[in-house]
Amino acid sequence: MSFNYQGAQIHHSSSPDALGPSNTWSLFGNALLAIALFRCWHILIFFGAWSTAICVINYNGHNLALQPTLITVFGTVLGFVISYRTTSSFERYNEGRRLWSQIVLGSRTFARTVWLHVPDNAYPSAQALTDQQKEEYKAKTLIEKTSVVNLLEAFAVAVKHYLRGEDGIYYEDLYYLVKFLPKYPFPPTIPSSVDLDRTSLTSDGVPASPHSGHFHGSLTRRTPAPDELPLPTTAPTPSPRVATFATEKTVHTDGRPQRGVKFSTAPVDLFPAMNPPKYSLLDFFPFSLLVRLLTKDGLRKNGDIVKGRRAAKRRATMRSQHLYNIPLEISLYLGSYVSALQSRKVVDAPTTTVLLATITQLVDALTGLERILTTPIPFSYSIHLWLVTVVYCLALPFQVWSTLKWVTIPATVLASFIFFGFLVAGEEIENPFGYDKNDLNMDHFVQNIIRKELRAIMAMPAPDPSVWAFSEENDLLFASSDTEERVSPSEWVQRGVPKIRNALRVQ
């Protein structure tokens with residue numbers, strides 16, 4: 001546990017891969033819950049009982065055996081199809097990891113370019129400045145550079161919460177990075193007519209403008225009260241925490257101030273950076289079959305959040321289309337900084353091009369992650385594959401009894417585990433943005449990579465090559481091994497260019 005620069009506690013995992021308790025037995029239990037056997041054990045029991053019944057009937061004199069020809073034909077085809085299904089899911093998982101690498105790369109590139117290539121004084125003036133004015137402009141430039149680098153961290157953190165379906169900005173690792181930003185009047189998404197609040201519609205049924213009298217803020221149905229924090233959709237029904245905001249007329253529905261309006265300086269209670277939902281009865285068969293029936297977008301009809309990780313993952317997928325796109329808003333502020341540098345004419349065209357290309361890279365990664373989250377495997381394909389697999393495993397005992405006899409029972413269970421194990425594993429990793437063991441460790445990307453590297457970049461001023469290149473420690477400049485003569489850079493300067501050229505040729 002550590003503290004950010006505003007004094008709020010920030011959760012840090014004890015290890016990069018720790019998403020839960022560090023106790024050995026707890027880790028073993030979590031790992032056991034993540035394997036395919038836990039997700040299809042009820043299927044194996046059913047087919048074990050089915051194959052046992054078929055074997056008993058055949059043993060008692062009723063011949064139900066079939067020719068094993070279908071095993072070879074259908075088994076080969078089914079294997080290819082299941083392999084394709086699993087490969088498609090893994091491609092989504094791998095694509096999510098690649099896009100997060102793109103966010104890491106964009107953060108590194110943008111921070112390095114800002115910190116090294118933006119001049120110390122980004123406020124040019126046609127008039128002569130006093131020393132005090134110069135220092136003031138340098139301080140302003142440093143504050144701008146620090147703020148924009150902090151927004152890079154805020155972008156990654158906001159993407160993490162956005163993919164998990166966690167509403168709002170009230171999290172320990174996000175709030176203090178973006179609370180000062182005025183809100184853009186973005187809708188949560190392009191919602192369907194059933195998702196629009198009737199009070200947000202004009203008389204002709206068209207969504208009202210943010211500046212019209214009919215507009216009441218959020219287009220989502222989950223609108224928190226002005227004095228309450230919006231609940232994360234994956235949270236295990238925590239009680240809302242109270243914060244002191246500005247007046248209702250000056251606060252947007254997600255709690256951030258309108259342009260020109262600031263928050264009260266009163267302390268704000270925040271949700272933890274990691275808030276994984278706990279397992280509940282609805283995560284276990286046969287109760288897991290009721291998740292879709294009991295919930296709508298992961299919520300009960302009365303608006304309460306359904307407990308359990310299975311419901312939380314479904315809720316994150318459904319609600320992602322109705323959340324404020326905070327990462328996209330942050331990208332606009334990154335772009336406004338580059339625009340300001342352009343208008344002041346303090347950076348050259350190549351530097352501006354790199355900054356703009358990096359912002360495009362970040363938004364492209366966000367768009368790709370949204371595509372993975374909101375594009376499930378087609379239902380008709382998925383259900384047909386399950387039906388074909390069920391039919392194959394049901395017919396398997398009839399075809400192998402004549403050859404295997406009582407070994408038909410474990411053989412059927414093993415075959416069922418192979419086929420259904422791949423199916424449930426594919427369904428598990430096709431949405432890799434939750435808190436499960438099989439999901440991407442986004443907290444590791446944000447806290448252990450992006451946050452630490454950005455802090456390291458800002459820890460020192462831009463290195464000056466006239467200092468580090470001429471360090472006395474740089475005494476093996478032209479040597480091929482550490483056993484040769486050690487000559488400092490200042491001594492090489494005294495020897496002159498011809499001596500340096502000769503050393504380079506010998507090297």
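Residues numbered from 1 in each chain as written. Predicted model: local features only at pLDDT ≥ 70, side-chain atom pairs only at ≥ 80, totals over all residues. Heavy atoms only, no water.

(A) View of helix H4 (residues 131-163). Between its terminal C-alpha atoms H4 stretches 48 Å, which fits the 48 Å expected from 33 residues at 1.5 Å a residue. Two residues or fewer past H4, Gly 165 is found with a positive phi of approximately 70 degrees. (Helix = DSSP H or I, 4+ residues; strand = E, 2+ residues; numbered from the N terminus. Expected span 1.5 Å × (residues − 1).)

(B) Layout of the side chain of Thr 352. Here Thr 352 is to be found in helix H9 (residues 349-374). When its relative accessible area of 7% is taken as the criterion, Thr 352 is described as buried. (Buried < 20%, exposed > 50% of the residue type's maximum accessible area, 1.4 Å probe, protein only.)

(C) Seen up close, the packing of aromatic side chains. A complete count under the given rule lists 15 aromatic pairs for this structure. Relative to Tyr 137, the ring of Tyr 123 has its centre 5.5 Å away and its plane inclined at 15 degrees; by these criteria the two rings are stacked. Separated by 14 residues along the polypeptide, Tyr 123 in the loop between helix H3 (69-117) and H4 and Tyr 137 in helix H4 bring together distant segments of the chain. Residue Tyr 123 is classed as partly exposed on the basis of its relative accessible area of 21%. Judged by relative accessible area, Tyr 137 falls into the partly exposed class, the value being 22%. Measuring from centroid to centroid gives 5.4 Å for Tyr 392 and Phe 419, while their planes differ by 80 degrees, and the two rings are edge-to-face. (Phe/Tyr/Trp six-rings, centres within 6.5 Å; stacked < 30°, edge-to-face > 60°.)

(D) Representation of the pattern of salt bridges within the structure. For the structure on display, the rule yields 14 salt bridges. For Arg 98, the salt bridge goes to Glu 95, with nearest N and O atoms at 2.9 Å. Linking Arg 98 with Glu 95, this pair stays in helix H3, spanning three residues, or about one helical turn. On the accessibility criterion, Arg 98 (42% relative accessible area) is partly exposed. (Salt bridge = Lys/Arg side-chain N within 4 Å of Asp/Glu carboxyl O.)

(E) Quick look at the confidence of the model for the protein. Considering every residue of the protein, the mean pLDDT works out to 75; 67% of them sit at 70 or more. Every residue in residues 1-21 scores below 50 in pLDDT, and together they form 47 contacts with partners more than four places removed in sequence or on other chains. Here residues 190-266 is modelled with pLDDT under 50, and outside its nearest four sequence neighbours on either side it reaches 150 contacts, counting other chains as well. (pLDDT = per-residue confidence, 0-100. Contact = heavy atoms within 4.5 Å.)

(F) A look at the packing of H3 against H9. The geometry of H3 relative to H9 is characterised by a closest axis approach of 9 Å and an angle of 160 degrees between their N-to-C directions. The angle between the axes of H3 and H9 places the two elements in the roughly antiparallel class. The handedness of the crossing between H3 and H9 is left-handed. Residues of the contact of H3 with H9, tallied by class, amount to 13 nonpolar, 11 polar and four charged. (Axes fitted to C-alpha atoms, helices over the stretch in contact; angles between N-to-C directions. Parallel < 35°, antiparallel > 145°, perpendicular 65-115°, else oblique. Left-handed = near helix turned anticlockwise from the far one by under 90°. Nonpolar A, V, L, I, M, F, W, Y, C, P; charged D, E, K, R; others polar.)

(G) Quick look at the nonpolar core. In this structure, Trp 100, Ile 103 and Phe 110 are the most contacted members of the largest nonpolar core, which totals 60 residues. Elements supplying a minimum of two residues to this core: H3, H4, helix H5 (175-178), helix H8 (326-344), H9 and helix H12 (442-458). For this core, the leading source of residues is H4, giving 12 residues. Sequence-distant contacts of Trp 100, that is, excluding residues within four places in its chain, are made with Ala 156, Val 159, Lys 160, Leu 163, Leu 369, Leu 440, Met 442, Phe 445 and Val 446. (Core = buried A, V, L, I, M, F, W, Y, C linked by side-chain atoms within 4.5 Å.)

(H) Focus on a nonpolar patch on the surface. Residues Ile 35, Leu 37, Trp 41, Ile 45, Leu 414, Phe 417, Ile 418 and Phe 422 make up a contiguous nonpolar surface patch of roughly 720 Å² in combined accessible area. Within the residue set of the nonpolar patch, elements represented by two or more residues are helix H2 (36-59) and helix H11 (408-429). With four residues, the top contributor of residues to the nonpolar patch is H11. By the element assignment, Leu 37 lies in helix H2. For Leu 37, a relative accessible area of 41% puts it in the partly exposed group. (Patch = residues over 30% accessible without salt bridge, like charges linked within 9 Å, V, L, I, M, F, W, Y side chains within 5 Å. Areas by Shrake-Rupley, 256 points an atom, 1.4 Å probe, with all protein chains shown as cover.)

(I) Examining the packing of H3 against helix H10 (residues 379-404) more closely. At a minimum axis separation of 11 Å, H3 and H10 run at an interaxial angle of 150 degrees. Considered as vectors, H3 and H10 are oriented roughly antiparallel to each other. Crossing hand, H3 versus H10: left-handed. Where H3 abuts H10, its residues Leu 70, Ile 71, Phe 74, Gly 75, Leu 78, Val 81, Ile 82, Tyr 84 and Arg 85 lie against Tyr 381, Leu 385, Val 388, Thr 389, Tyr 392, Leu 396, Gln 399 and Val 400.

(J) Molecular detail of unusual backbone geometry. A positive phi angle, close to 60 degrees, is found at Lys 345, a residue other than glycine. With respect to the helices, strands and loops of the structure, Lys 345 is situated in the loop between H8 and H9. The class for Lys 345 is exposed, based on a relative accessible area of 73%.

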